[in-house]
Amino acid sequence: MLRNRRSLLVLVTALLALSLFSGALVVSGQEQSTLDLVRDRGRLICGVNQELFGFGYLDPETSEITGFDVEFCRAFAVAIFGEASSDTLELSPQTAQTRLPAVATGEVDVLVRNTTWTLSRDTEAGLDFGPTNFYDGQSIMVRAGEGLETWEDLDGATICTTTGTTTEKNITDQMDERGLTYELLQFESTADTNSAFMDGRCDVQTSDRSQLEALRAASPDPAAYYVWPTTFSKEPLGPVYRQNDSQWADVINWTVFGMIQAEELGIDSSNVDDFLRQDGESDDDYIARVGAQVARVLDADLGLGGLLGLNNDFMVEVLRQVGNYGEVYERYFAADGPLPIERGPNELWLNGGLIYAPAWR
Amino acid sequence: MTQRTSPPHHSAVVDVGEHQTIPLWRDIRVIQAGAQIIFAIAVIAVLFVLVNNILNGLAAIGQSPTLDFWQRPIGINFNEGPGISSTDTTWQAFLVGLINTLRAVSVGLVLATILGIFVGIALLTPNWLVRNITQTYVEIFRNTPLLVQLIFFYQGVFRALPQIRNAATMPGPVYLSNRGLVIPAFHPTEVFPLWLLYLVVGFVTAGFLWYVRGRFQTETGQPGYQMRYALLAIIGFAVLGWLAVGNVPWTVELPSPVMRELPTGDMVIQRIEGGETISPEYAALVVGLVLYTAAFIGEIVRAGIQAVSHGQIEAARALGLTYGQTLQLVVLPQALRVIIPPLGNQYLNLAKNSSLAIAIAFADVFAISRTIINQSGQTIVPFMTVMLTYLAMSLIISAVMNWLNQSLKLKER
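Note that the structure is predicted; figures quoted are calculated from it, not measured. (Residues numbered from 1 in each chain as written. Chains lettered and ligands numbered in written order. Predicted model: local features only at pLDDT ≥ 70, side-chain atom pairs only at ≥ 80, totals over all residues. Heavy atoms only, no water.)

A look at the environment of C46(A)
Thought 1: Along the chain, C46(A) turns up in strand β1 (residues 44–48).
Thought 2: Each residue touching C46(A), except ones within four places of it in the same chain, is listed here: C73(A), L89(A), E90(A), L91(A), S92(A), V110(A) and V112(A). (Helix = DSSP H or I, 4+ residues; strand = E, 2+ residues; numbered from the N terminus. Contact = heavy atoms within 4.5 Å.)

Concerning the sheet that holds strand β8 (residues 276–278) of chain B
Residues and elements named next belong to chain B.
Thought 1: The strand order across the open sheet built from four strands is β1-β2-β3-β8, with neighbouring strands paired in antiparallel fashion. Each edge of the open sheet is held by one strand with a lone partner, namely β1 (168–170) and β8. Within the sheet, the average angular offset between the axes of one strand and its neighbour, ignoring direction, is 20°.
Thought 2: Pairing geometry for strand β2 (residues 174–177) and strand β3 (residues 180–183), over three bridges, is antiparallel. Across the sheet, residue Y175 finds its bridge partner in β3, namely V182. (Pairing = 2+ DSSP bridges. Axes fitted to C-alpha atoms, helices over the stretch in contact; angles between N-to-C directions.)

Quick word on the interface of chain B and chain A
Much of the literature gives interface size as the accessible area that the parts lose upon coming together.
Thought 1: Facing the 45 residues of chain B at the interface are 54 residues of chain A.
Thought 2: Contact between chain B and chain A buries roughly 4200 Å² in total, counting both sides, with carbon and sulfur atoms accounting for 49%.
Thought 3: Ranking the residues of chain B by area buried against chain A places I61(B), R159(B) and R179(B) at the top, with a combined share of 14%.
Thought 4: Scanning the region where chain B abuts chain A turns up four salt bridges.
Thought 5: Seen at the junction of chain B and chain A, the total is 11 residue pairs in polar contact (both at pLDDT 80 or more).
Thought 6: Among the elements of the structure, α2 (28–60), α5 (146–158), β7 (267–273), α8 (280–307) and α11 (365–376) of chain B are those that each provide at least two residues to the side of chain B that touches chain A. (Buried area = accessible area lost by both parts, 1.4 Å probe. Salt bridge = Lys/Arg side-chain N within 4 Å of Asp/Glu carboxyl O. Polar contact = N/O pair within 3.5 Å; in protein donor to acceptor, adjacent residues only side chain to side chain.)

Digging into helix α3 (residues 68–81) of chain A
For an α-helix, the turn length of 3.6 residues means that residues three or four places apart are oriented alike.
Residue and element names in this part refer to chain A.
Thought 1: Taking 1.5 Å per residue as the helical rise, α3 with its 14 residues ought to reach 20 Å, and the 20 Å between its terminal C-alpha atoms agrees with that figure.
Thought 2: Counting buried residues in α3 gives 12 out of 14 residues, a clear majority hidden from the surface.
Thought 3: What α3 keeps buried is the set F68, D69, V70, E71, F72, C73, A75, F76, A77, V78, A79 and I80. (Expected span 1.5 Å × (residues − 1). Buried < 20%, exposed > 50% of the residue type's maximum accessible area, 1.4 Å probe, protein only.)

Thoughts on the packing of helix α3 (residues 90–122) of chain B against helix α12 (residues 380–408) of chain B
Residue and element names in this part refer to chain B.
Thought 1: Packing of α3 against α12 leaves a shortest axis separation of 12 Å and a crossing angle of 35°. When you trace α3 past α12, the crossing you get is right-handed. Facing α3, whose interface residues are F94, L98, T101, L102 and V105, α12 presents T385, V386, T389 and M393.
Thought 2: The residue inventory of the contact of α3 with α12, partitioned by class, reads six nonpolar, three polar and no charged. (Left-handed = near helix turned anticlockwise from the far one by under 90°. Nonpolar A, V, L, I, M, F, W, Y, C, P; charged D, E, K, R; others polar.)

Here's the deal with the domain arrangement of chain A
All names here are of chain A.
Thought 1: Per the domain assignment, the segments making up chain A are domain 1 (33–135 + 236–265 + 307–361) and domain 2 (138–233).
Thought 2: Centre-to-centre, using C-alpha coordinates, domain 1 lies 27 Å away from domain 2.
Thought 3: Between domain 1 and domain 2, roughly 1200 Å² of surface is buried when both sides are summed, and carbon and sulfur atoms account for 58% of that area.
Thought 4: Contact with domain 2 buries area across many residues of domain 1, yet E51, L52 and Q97 alone supply 35% of it, more than any other trio.
Thought 5: Between the two partners, domain 1 and domain 2, sit zero residue pairs in polar contact (both at pLDDT 80 or more).
Thought 6: Of the residues contributing to the side of domain 1 that touches domain 2, the split by class is nine nonpolar, four polar and three charged. (Domains from an automatic or database assignment.)

Observations regarding the state of the cysteines
Each disulfide consists of a covalent bond between the sulfur atoms of two cysteine residues.
Residues and elements named next belong to chain A.
Thought 1: Counted under the stated rule, the structure contains two disulfides over all chains.
Thought 2: One disulfide bridge connects C46 with C73, the sulfur atoms lying 2.0 Å from each other. Because the torsion about its S-S bond is -60°, the bridge between C46 and C73 counts as left-handed. A residue pair is termed long-range when its members are at least 10 positions apart, and C46 in strand β1 and C73 in helix α3 qualify at 27 residues. By the burial criterion, C46 is buried, and C73 matches it.
Thought 3: Disulfide pairing places C160 opposite C202 at an S-S distance of 2.0 Å. (Disulfide = S-S within 2.5 Å.)

Concerning the packing of aromatic side chains
All names here are of chain A.
Thought 1: Counted by the stated rule, this structure contains 36 aromatic pairs over all chains.
Thought 2: The interplanar angle of 80° and the centroid separation of 5.9 Å between the aromatic rings of F68 and Y329 together place this pair among those described as edge-to-face. With F68 in helix α3 and Y329 in helix α13 (residues 325–333), this pair connects stretches of sequence that are 261 residues apart.
Thought 3: F68 sits in the buried class, given a relative accessible area of 0%.
Thought 4: The exposure class of Y329 is buried, given its relative accessible area of 0%.
Thought 5: Seen in terms of ring centroids, F68 and F333 are 5.2 Å apart; in terms of plane orientation they differ by 45°. Their pairing is tilted. (Phe/Tyr/Trp six-rings, centres within 6.5 Å; stacked < 30°, edge-to-face > 60°.)

Overview of empty space enclosed by the protein
Thought 1: Tallying each qualifying case throughout the model produces three cavities of 30 Å³ or more.
Thought 2: The calculated volume of the second largest cavity comes to roughly 100 Å³.
Thought 3: Considering the residues around the second largest cavity, the lining is formed by R143(A), E146(A), G200(A), D203(A), Q163(B), I164(B), R165(B), R179(B), R260(B), V268(B), I269(B) and Q270(B).
Thought 4: With three residues, β7(B) is the largest single contributor of residues to the lining of the second largest cavity.
Thought 5: Classifying every residue of the lining of the second largest cavity gives three nonpolar, three polar and six charged. (1 Å grid on protein atoms, 1.4 Å probe; cavity = no way out; pocket = protein on both sides within 12 Å on 5 of 7 lines; lining within 4 Å. Points joined across faces, edges and corners; volume = space filled by probe spheres on them.)

Overview of the domain arrangement of chain B
Thought 1: Partitioning chain B into domains gives domain 1 (18–57) and domain 2 (90–184 + 254–408).
Thought 2: A C-alpha centroid distance of 48 Å is found between domain 1 of chain B and domain 2 of chain B.

Structural notes on the sheet that holds strand β3 (residues 56–58) of chain A
Thought 1: Taken together, three strands build an open sheet; the order of strands is β2-β3-β4 (chain A) and the sheet is antiparallel. Each end of this open sheet is capped by a strand with a single partner; those strands are β2 (51–52) and β4 (65–66) of chain A.

Focus: the pairing of strand β10 (residues 157–162) of chain A
Residue and element names in this part refer to chain A.
Thought 1: For β10, the buried fraction is high: six of the six residues fall into the buried class.
Thought 2: Taken together, the six bridges between β10 and strand β11 (residues 182–187) define a ladder with parallel strand orientation. Residue pairing in the sheet places T162 in a bridge with F187 of β11.
Thought 3: Of the strand pairs in this sheet, β10 and strand β12 (residues 204–208) are connected by two bridges, and their pairing is parallel. From the neighbouring strand, I159 faces β12, where its bridge partner is V204.

Okay, structure coming up:
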């Protein structure tokens, strides 16, 4: 009996200690900046899509996840560690459902998964949003030749969409405003939604226009489907991180801004070395040659990366290994590529688009 | 045995007990009670710390649980079951999800039980072909995952039906396409409740007649024709009620196709209006759950029948009962005692497995909760609500099955 009592006491004490200790762990995790956490771990965990051709897509031939959004994950890893390898960057595939809790709970450090910046997500879900890297809008895909080209044509249609997205709310608003009847069917993943549409379970598939174009391009017969050229919602897509972590937010934001700034300055992966300081070149000579703006982005002494807690010249490797914003865009959405998407709102502000970086100084 | 004749060792112990009281800390009852109290306190303390930790953690990432979101509009629209429109509250959407779950589970339980009984009997039939076909069915459905079966039934069967524009029209009129099966709908009129009353009286009379004719059969040994009497009573009162209420108790709404002109000038069916639609999602879920669970119930029924002593069957045959009568009057009533407890487990499984509906886009309570979680940004509260809902459903099923078990148990007198 006495032995039982003793072991019981030991057990109880151990349990109490364990729970208190785990409590302490969580609290300290809250206070540490994600940047330090990532550095201690030696690896960045980036949440991505693996189903969306062009943005984040698990290529069945190479078994690698590639795409426009994934390039930004690589850029962040390069900015922190100087290289993006399997050691320094872990791509964590997320579904539309799992992605936001994954960020809020710290399962991923940053999420770049065509995620729309909305007020309620920004406030209620415990998240903060980085600079928009792709301006998208919701659109409609139908079968070609069915004459479903205006909202009125959609009266009585069955509409398929993916649950866990803003699209289900947008389409509801549009149809309700026009007093149209319809049936909404929600699937767990984009692949399920698309297969239901292809089977004829629904007349309409609705999602972001870029996504619909990607699905159309990846289908066996792209000519059999038609994506409306118009959009009916604002879908600014960008990186997402946990809220109230200012230092981490700065690193993510200014890496994206750096890529935009580089395009504006005409620096890309092929010519970045021409803009670097040559051996023995003085500050004045260097600035006279490339300009003060370039020096503030690229130079090891004059660069401003140190203010972010990174190397002064962190953008050099980002540009070498990933490229500037326009380069990355052309890599996936070029007019002669598999998924042509016009730059439109994603042009630089200088060319009439919305892509704009704050002042790098 | 008295104190005097007991061995000296024992009496010594008793002497100590009589002369001095055992101190509290050495009293075994106090120690036992104390240990339990300490343990209970420790468990509560650990739980408290853990819950507190969760709440603190959630507050730190700005996700403190609230209940406000239940009153907000759900903002989406779906048609499954009672359906929901975008202005309805989140709470109403949850209830519609619950109703959809119950629609699938209730129909599933009834059909799985009926099919399972037939499967169990077929597994023991002397007919070689029937026995082997049933055996094959049971082995296939028992040994493959339900999720795989559900997705197969949804994508491979119900979605492979003709597209709506080529919808198969059957007499009725009934339309079958991969948008679902549309059948005529019955709408009760205002005299329907009155007619229902007649029907209830009919059923009560039928029950009474069943009992009386049963007594007659056991007492006289003459055939009682219970079924004929009972059916006659039900049909008689139904017709009588129809004539008495002076109006049709329901109207039938026939579905009709809505045509649309393609740019090429062809006319095709766009959708079917009116009628009652059984969606492919609902059909796939119910068919999947029923076939899967019935395979298990079939095995349970087989085991139950085999548990009945063979002498009972031989005795029944010796009395001249047919194979059917032997099953109905001798074997099944005794087999039921063995069948009920494991059957309850299968019912619980079916109810819980219905949450796999999320894989085939059926708007059940779990699928709706996932939408609610996404719309509200709240995770803990909707999940707890879903868990409590399933818990309540399972406990109710357990309670009913326990009651059934108690009432069928061998009465020992």
